[in-house]
Amino acid sequence: MNQLTSRLAGQLDFGEDSAAGAVLPAGIDGFGPGAWYWVHGDETLNQSELDKAEAALGDVRALVAAAFVAFAAELTDPRSTTSLFREFHVEEIPEEMVCELFDVDAREVVTDEVFLDHLHLVGIAVSPAATERALALDFAIGADKATDQLLVAVWDRNDTVTVHHES
């Protein structure tokens, strides 16, 4: 693979992998301190494509806001990905863990607003050659006590946002 330089992660070393990245100690524009940043590609990825893909991260504040709009909209449908993610974290784990994750005294007080307030950006991925998953922002409950469950906002090449649950 070509030697590529990310404006966020510096020199990328793909080695035998299709992804390379680094931890971003300060995050991007104050979002996601300590978040992982990944670039997905193969031997055909070039610097120009990488630069174009990273340009999409120029306004992380707007991307995070768009992700939260998508999450909030899904909370109106009890069968949506976001609603099922919320249900898992509020209803299906022990109450003491719920209280710790959401900084509350009882699971009953975890409203949609409290749930959304506790989602933190923990990962960012760009896939310059992809059409379906060009950009992904990974969110977890509680930045300092994140679970292994992620609520992921994914953008395609048409800037359509979809929500996924990953672990």
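Residues numbered from 1 in each chain as written. Predicted model: local features only at pLDDT ≥ 70, side-chain atom pairs only at ≥ 80, totals over all residues. Heavy atoms only, no water.

Our focus in this paragraph is the nonpolar core. The biggest cluster of nonpolar side chains holds 43 residues, and the ones touching the most others in it are Leu57, Phe71, Phe102, Phe115, Leu119 and Ile124. Top contributing element to this core by residue count: helix H2 (residues 60-74), with six residues. Beyond its immediate sequence surroundings of up to four residues, Phe71 is in contact with Thr82, Leu116, Leu119, Phe139, Leu151, Val152, Ala153 and Val163. With six residues, the next largest nonpolar core counts Ala125, Ala136, Ala140 and Val154 among its residues. (Core = buried A, V, L, I, M, F, W, Y, C linked by side-chain atoms within 4.5 Å. Buried < 20%, exposed > 50% of the residue type's maximum accessible area, 1.4 Å probe, protein only. Helix = DSSP H or I, 4+ residues; strand = E, 2+ residues; numbered from the N terminus. Contact = heavy atoms within 4.5 Å.)

Side chains of residues three or four places apart in an α-helix project in the same direction, reflecting 3.6 residues per turn. Turning to helix H1 (residues 47-55), its buried residues are Leu50, Ala53 and Glu54. One side of H1 holds all its buried residues, which, seen down the axis, span an arc of 95 degrees. Within H1, the exposed residues directed more than 90 degrees away from the buried face are Ser48, Lys52 and Ala55. Structurally, H1 contributes buried residues whose contacts are with strand E1 (4-6), strand E2 (10-12), strand E4 (35-40) and strand E5 (119-126). (Arc of directions from axis to C-beta.)

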